[in-house]
Amino acid sequence: MQTRTSCTPLRWWPARLLRCARWHLLLASGGALAELKCWRIEPWAHGAGAGEAVAPVRITLVRDWPRALLHAHIPDCRVMAVCVVCSRGGEHVLAVAHSDAVWRLIAFSEDRKQFYLLSEHTFHRRCVLCVESVVLGGQHAVLTAATDGRCAIWAPEAILQHHFSALDRPRPLETLPSVKSASCSQPVCAQSLHQSGINALVILSSQVDSKTEGKFAASGRVTVVTGGDDNAVMVSVLRWAVDDADSLHVEFSVLAAVAQAHAASVTGLVALQPGTVLSVGADSRITVWEIQHESAQEQAAVSLSAVETCMLAVSDPQNVFRIGAGAALVVGAGLEVFKTTEQSSMDV
């Protein structure tokens, strides 16, 4: 694995890209005191000059959402994770995981430059650590994971439809209706995966069945990889189906697990390519995992094997991100870039 290291001390906070336009990006970030911010990133001049590797950029704070508007259940509530559920024009809906055991749907309007709380969801007993979104049969679903070791799947489609239909009605620009009453109170499905907190959750693949049976209009499966405080890495599958009444049905099952994937907590996961996942842990190790189906049958067993492991140069690794084809960025007490080869090995 080829590595490049920067020893600049950093602190990682969750952030997600909202919109990528021709000349600017919108980025949502969260941190301590439950603050949520939206940033506009744009070049100083349109495009980089010939031979310029990196164009200078300007970062502007578009809007922040102070903790006072959240009514959090604990005084030191923090944003633990952020993901984009859907966007339409200049309207974006985020799923935000908070440390008060609640995850929330929050909308951001580019025109109004405002955040709006759409709904709050309580199910987990402890701090919600991870949140991801996926589209299942044309419906938006949200996956959450927490320090109670459980992963839950939510179907907020009714909330999203209510929100966007309300935007289509004539109204003053400064008003936006609340849809908290439309909140889905319980997840569609929940599964206990790890003995303690789930620190990392990544959606590896999503497939739609070519044929459906019975009353279902669409069906398919989603492969999910998780890592937790119990040092384990697990591969699970979500079997989902949407019936004629547009109700979402989900079944959760574990396909493979490595109990001692790391010598300490797994802190980050990233999918580099289909069937390949990279993990980092508090043991300062980085590992490439290969996921293989033993046969083409739907219920076939899955093997999870470590292809290569090496030590990190940066200490206290917090997360890992994909930054290109076969390349990953580890964030900790510094930065480290890794590049994998086609043989699933890592060149140092």
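Anyway, here's the lowdown on the structure attached to this text. This structure is a prediction, so every number in the text was calculated from the model and none was measured.

So, about the overall build of the protein chain. Scanning the protein chain from N- to C-terminus turns up one helix and 24 strands. In the protein chain, which comprises 348 residues, the proportion classed as buried is 51%. At a minimum sequence separation of 6, the contacts of the protein chain that also span at least 24 residues come to 51%. Accessible surface, the protein chain: about 16300 Å² in total, of which carbon and sulfur atoms supply 51%.

All right, on to unusual backbone geometry then. Not every positive phi belongs to a glycine, and K113 is a case in point at roughly 55 degrees. Here K113 lies in the loop between β8 (102–109) and β9 (114–122).

Where burial is concerned, most of β8 is hidden: eight out of the eight residues are buried. Neither face of β8 is exposed, since V102, R104, I106 and F108 on one face and W103, L105, A107 and S109 on the opposite face are all buried. Bridging between strand β7 (residues 91–98) and β8 involves seven bridges; their strand directions are antiparallel. Residue pairing for β8: A97 is matched across the bridge by W103. Between β7 and β8, which pair antiparallel one after the other, the connecting turn spans three residues, and A101 there sits at a positive phi close to 70 degrees. Examined bridge by bridge, β8 and β9 share eight bridges and lie antiparallel to one another. Bridge pairing in β9 links I106 to L117. Counting the residues that bridge the hairpin from β8 to β9 gives four residues, and of these K113 lies at a positive phi of roughly 55 degrees.

Per the counting criterion, the structure on display carries five salt bridges. Here E120 and R104 are joined by a salt bridge, their closest N and O atoms 2.9 Å apart. Here E120, found in strand β9, pairs with R104, found in strand β8; they are 16 residues apart in sequence, far enough to count as distant. With relative accessibility at 33%, the residue E120 sits in the partly exposed group. The partner of D148 in a salt bridge is R150, with the nearest N and O atoms 3.3 Å apart. Given a relative accessible area of 15%, D148 falls into the buried group. For R150, a relative accessible area of 15% translates into the label buried.

The four strands lie next to each other as β18-β19-β20-β21, forming an open sheet whose pairing is antiparallel. Only two strands of the sheet have a single partner each, and these edge strands are β18 (266–273) and β21 (302–311). Adjacent strand axes in the sheet meet at a mean angle of 25 degrees when their direction is disregarded. Inspection of the sheet shows β18 paired to strand β19 (residues 276–281) by six bridges, in the antiparallel sense. Across the sheet, the residue bridging to L269 is S279, located in β19.

So, about the packing of aromatic side chains. Using the criterion set out here, one finds three aromatic pairs in the structure. Both rings, one in F123 and one in W154, keep their centres 6.2 Å apart while their planes meet at 85 degrees; by these two values the pair is edge-to-face. A residue pair is termed long-range when its members are at least 10 positions apart, and F123 in the loop between β9 and β10 (128–136) and W154 in strand β12 (residues 150–154) qualify at 31 residues. For the residue pair F123 and W154, the accessibility class agrees, reading buried in each case. One aromatic cluster is present, formed by W103, F123 and W154 through successive ring pairs.

Per the counting criterion, the structure on display carries zero disulfides. Lacking any disulfide linkage, C77 is separated from the closest cysteine sulfur, that of C127, by 8.4 Å.

Its place among the elements puts R78 in the loop between β5 (57–65) and β6 (79–88). Spatially, the C-alpha atoms of R78 and C127 are 9.4 Å apart, while their sequence positions differ by 49 residues. Setting aside chain neighbours within four positions, we find R78 in contact with G31, A32, L33, A34, A97, H98 and S99.

Another aspect to go through is the pairing of strand β24 (residues 334–339). In this sheet, β24 lies alongside strand β23 (residues 327–332) in antiparallel orientation, the contact comprising six bridges. Bridge pairing links A328 to F338 in β24. Following β23, the chain reverses through one residue before pairing antiparallel with β24.

Attention now goes to the side chain of T223. Following the sequence through the fold, T223 ends up in strand β15 (residues 216–228). Discounting residues that sit within four places of it in the chain, T223 has contacts with V202, I203, L204, S205, V235 and S236.

Analysis parameters
Residues numbered from 1 in each chain as written. Predicted model: local features only at pLDDT ≥ 70, side-chain atom pairs only at ≥ 80, totals over all residues. Heavy atoms only, no water. Helix = DSSP H or I, 4+ residues; strand = E, 2+ residues; numbered from the N terminus. Buried < 20%, exposed > 50% of the residue type's maximum accessible area, 1.4 Å probe, protein only. Contact = heavy atoms within 4.5 Å. Areas by Shrake-Rupley, 256 points an atom, 1.4 Å probe, with all protein chains shown as cover. Pairing = 2+ DSSP bridges. Salt bridge = Lys/Arg side-chain N within 4 Å of Asp/Glu carboxyl O. Axes fitted to C-alpha atoms, helices over the stretch in contact; angles between N-to-C directions. Phe/Tyr/Trp six-rings, centres within 6.5 Å; stacked < 30°, edge-to-face > 60°. Disulfide = S-S within 2.5 Å.

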